Structure formats: structure tokens, C-alpha cells
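Letter by letter, the chains look like this.
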Amino acid sequence: MTLYVEGRRFHDARAIIPRGVAYVPVTGPVTTREFAFLALPHFTLLAFSSAIEPLRIANQLTQQPLYGWSLFSMDGAPVESSAGVRIEVDHGLIPLRRETTVIVCSGTDAQAADRSVLSWLRAHVRQGGGIGAICTGAYTLARAGLLGEDTPAVHWENGPAFRELFDVEPLQQLYVIGKKHFSCAGGEAGIDMMLALIAEDHGKKLADAVAEMCLHGRHREADVVQKAIYPKAMLTRHPGIAKVIAAMKENIATPLGQEELAEVFGRTPRHLERIFKAVMQETPKGYYLGLRLQEARNLLSETTLSILEVAIATGFNSRSSFSKAYKTRFKVSPSSLR
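Keep in mind that this is a model prediction, so the values were computed, not measured.

Description of the overall build of the protein chain
- Assigned secondary structure in the protein chain consists of 13 helices and 10 strands.
- The contacts in the protein chain between residues at least 6 apart in sequence include a share of 65% that link residues at least 24 apart.

Some remarks on the nonpolar core
- Of all hydrophobic cores here, the largest spans 42 residues; its most connected members are Phe 35, Phe 37 and Ile 134.
- Sorting the residues of this core by element identifies strand E3 (33–39), helix H1 (45–62), strand E4 (67–72), strand E7 (101–105), strand E10 (181–184), helix H5 (189–202) and helix H6 (204–213) as the ones contributing at least two each.
- If sequence neighbours within four positions are ignored, Phe 37 has contacts with Phe 48, Ala 51, Ile 52, Leu 55, Trp 69, Ser 70, Leu 71, Phe 72, Ile 103, Cys 105 and Ile 134.
- Of all hydrophobic cores here, the second largest spans 40 residues; its members include Leu 38, Val 117, Phe 316 and Ala 325.

Some details on the packing of helix H8 (residues 239–250) against helix H11 (residues 284–302)
- Interhelical geometry of H8 versus H11 gives an angle of 40° and a closest axis separation of 10 Å. It follows from the interaxial angle that H8 and H11 lie oblique. For the pair H8 and H11, the crossing hand works out as right-handed. Here H8 contributes Ile 245, Ala 247, Met 248 and Lys 249 to the contact with H11, which in turn contributes Pro 284, Tyr 287, Tyr 288 and Leu 291.
- Of the residues contributing to the contact of H8 with H11, the split by class is seven nonpolar, no polar and one charged.

Concerning the pairing of E3
- Burial analysis of E3 places six of its seven residues in the buried class, the great majority of the element.
- With H1 bridging E3 and its parallel neighbour E4, the resulting β-α-β unit is right-handed.
- Where E3 meets E7, five bridges bridge the pair, whose relative direction is parallel. Residue pairing for E7: Ala 36 is matched across the bridge by Val 102.

Quick look at the pattern of salt bridges
- Here the structure, examined in full by the defined rule, presents 10 salt bridges.
- Glu 53 is the salt-bridge partner of Arg 56, the closest N and O atoms lying 2.9 Å from each other. With Arg 56 and Glu 53 both in helix H1 and three residues apart, the pair spans about one turn of that helix.
- You can call Arg 56 partly exposed: its relative accessible area is 22%.
- With relative accessibility at 33%, the residue Glu 53 sits in the partly exposed group.

Concerning helix H13 (residues 319–330)
- Along its 12 residues, H13 runs 16 Å from first to last C-alpha, staying within 8% of the 16 Å computed at 1.5 Å per residue.
- Next to the buried residues of H13 lie H11 and helix H12 (307–313).
- Where H13 terminates, the next one or two residues include Lys 331, which has phi positive at roughly 65°.

Some thoughts on the packing of H8 against helix H10 (residues 269–280)
- Two elements in contact, H8 and H10, have axes separated by 11 Å at closest approach and are oriented at 90°. Put simply, H8 runs roughly perpendicular to H10. Facing Ile 241, Val 244, Ile 245 and Met 248 of H8, the residues of H10 in contact are Leu 272, Ile 275, Phe 276, Val 279 and Met 280.

Focus on unusual backbone geometry
- Residues other than glycine seldom take positive phi values, yet Gln 63 does so here, at roughly 60°.
- Structurally, Gln 63 can be placed in the loop between H1 and E4.
- Among the residues examined, Gln 63 registers a relative accessible area of 22% and is labelled partly exposed.
- Phi is positive for Leu 215, which is not a glycine, with a value near 55°.
- Among the secondary structure elements, Leu 215 is positioned in the loop between H6 and helix H7 (232–237).
- The class for Leu 215 is exposed, based on a relative accessible area of 77%.

Rules and cut-offs
Residues numbered from 1 in each chain as written. Predicted model: local features only at pLDDT ≥ 70, side-chain atom pairs only at ≥ 80, totals over all residues. Heavy atoms only, no water. Helix = DSSP H or I, 4+ residues; strand = E, 2+ residues; numbered from the N terminus. Contact = heavy atoms within 4.5 Å. Core = buried A, V, L, I, M, F, W, Y, C linked by side-chain atoms within 4.5 Å. Buried < 20%, exposed > 50% of the residue type's maximum accessible area, 1.4 Å probe, protein only. Axes fitted to C-alpha atoms, helices over the stretch in contact; angles between N-to-C directions. Parallel < 35°, antiparallel > 145°, perpendicular 65-115°, else oblique. Left-handed = near helix turned anticlockwise from the far one by under 90°. Nonpolar A, V, L, I, M, F, W, Y, C, P; charged D, E, K, R; others polar. Right-handed = clockwise from strand over helix to strand, strands pointing away. Pairing = 2+ DSSP bridges. Salt bridge = Lys/Arg side-chain N within 4 Å of Asp/Glu carboxyl O. Expected span 1.5 Å × (residues − 1).

See the structure below:
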């Protein structure tokens, strides 16, 4: 059962604990920690629910209102997620108590926040309020100038665009809890991040019990990498090829030549060509071009950079050469995305 008290939501302490689930006692007086979830247009539903459910379950398992939360939108109206599911909210951008932590929930439209949202977040931080971000919510914190010295965690798909827009190399780990804010890459990483916060507030025993209720077998630590650069099997069987691919990914804007890649590999260019093709079923040149064009595709989809700027950011000398390579790879022109 969910109660609504002055716009706050929290799981009723009288709710029945499911059979077979252990009650987790909390010692000492309980102060409800409040969160304000700001849902921006086209927010990611999975990441949003992954962050809220651990709070509800923590209240249920302890029979205490440890956490409360309210839902916000830019104008107080219902918000549609990227999946087309609309949610009702409690408030528009009303002033918050400094004890409240705002969590910006975004998704496929990373630039959805307008100036009123940025001003609202800045005002909340000025009065000492906490902030966090889920999925592309880190874009909003960056646009508001609230990152500080903390580097956010951003979904691997959004990394290239974030790097180009804000000149910040985002973390490729699942989540991060920094000095000024916390953030997660989205998806199920929201569960891991909230479990870490619950553990900080009330101990590992409760966090583990919440994870068990979520059928989240193992609470992953913050520094777990979202996506491996290459399969683990390759690292074991072909460490030289793995090093070459890593070097390619690190040098997208200024591509390395065959001689430089061979130097990373530790053998001659001809030897690299033969081994690389046997392992990856593609030449080093073709594979490298594919990496650069995929990054270009991400930039075209998620930023307002011009086609020429995207071409330069991915190592092409001209718009025409970039457009030709892009159309050959994806069967559509770069301008078709604009």
C-alpha cells in the first residue's frame, strides 16, 4: 500500500511482509529521507522504476518509512516515457526543502530540460540540496553547471555525445557516488546505485535483503564496467588484438595509421593484418572505420553538432568523404538524420 502525505509517497509501515522474507529491524529513531524524482520527457522507464523500487522495498522490509519520494515534471503535467507509458506526477517545479535530494530522470531526449529546470536545480543546490541523475540525466546536471569536480557515469551509448558537448570524459562504470552528486548509467544500474545509498544509510544487511527482493542476485560495485571493450575470451586468447582494438577506441578523432597499430600489436603491419582478419573476420582498416562511423552515428542522433563537426570529431578530413563513407556503411546519408 502506498500512502500520500503532503505530496510525498512512501510505503505504508503496516504493509504485510511477504512470507519467507525476513523482517529487518532498524535501531534508533527514524528520519525519512526524501527524494524528488524529476521525470523529463521521454525518460527511460526501466531506469526510473529501478531507482524507486529499492526505496519502497526498504520501507516494507523494515516496516519503517525510511524513504519518501515525490514525482515532478517540468510543468506538473503527466510525462510520457520513451516507451510511450505516461505517468502522473505530484508537482511542477515548486521549491523544495534543502533536505530533499533531486534525481533527474532522463532518456532518449538528453536535451529535454528547459531553462526553468536548470534554474530550479541551481536554486536547490544553492540552498544546500542534494542532486543525482539517472541515465542521460547527467546531461541536465552538466548543462546547469552542477557537475563540479565529480565525473558522472553515463550509458556507454551516450558517451561520445557527452564527451563532445561538455568536454568531459564520462565514467564507463555502472554508477558513481561523488562528493556533490551521484549518477548511474541507466537500466538496472539504478538498482545498484540505490542499494549503495541504502547501505550507506542503514547498513549492508538491509541493502542485501532489498537486492534479494528485487531478484537482483548480486549487488554490483560502482566500478563495474558497463560494457567490455572486447570479449573476455579475446583478452585471454588474443591479448595483442585486444590492445589494438582498445587503441582504436581511444583514437577516434585522430585515427592511428597501420604502422602505429602494428607497433601497439608488437609485430609487423602484415602480421597484424593476417591475425586481425583471422580473429575479427575483418581487416584492421575496415574494423577501425566501423568504430568511427558508429561514433558518428551516435553524435548525429544525440547532439546538434553540424555534419562537418561530426566528421572532424570522428577523424574525417571533409564532409564529402565522411558522407560517402557513412552512406556506404549505413545505406543512408548523414543528412537524413537531420
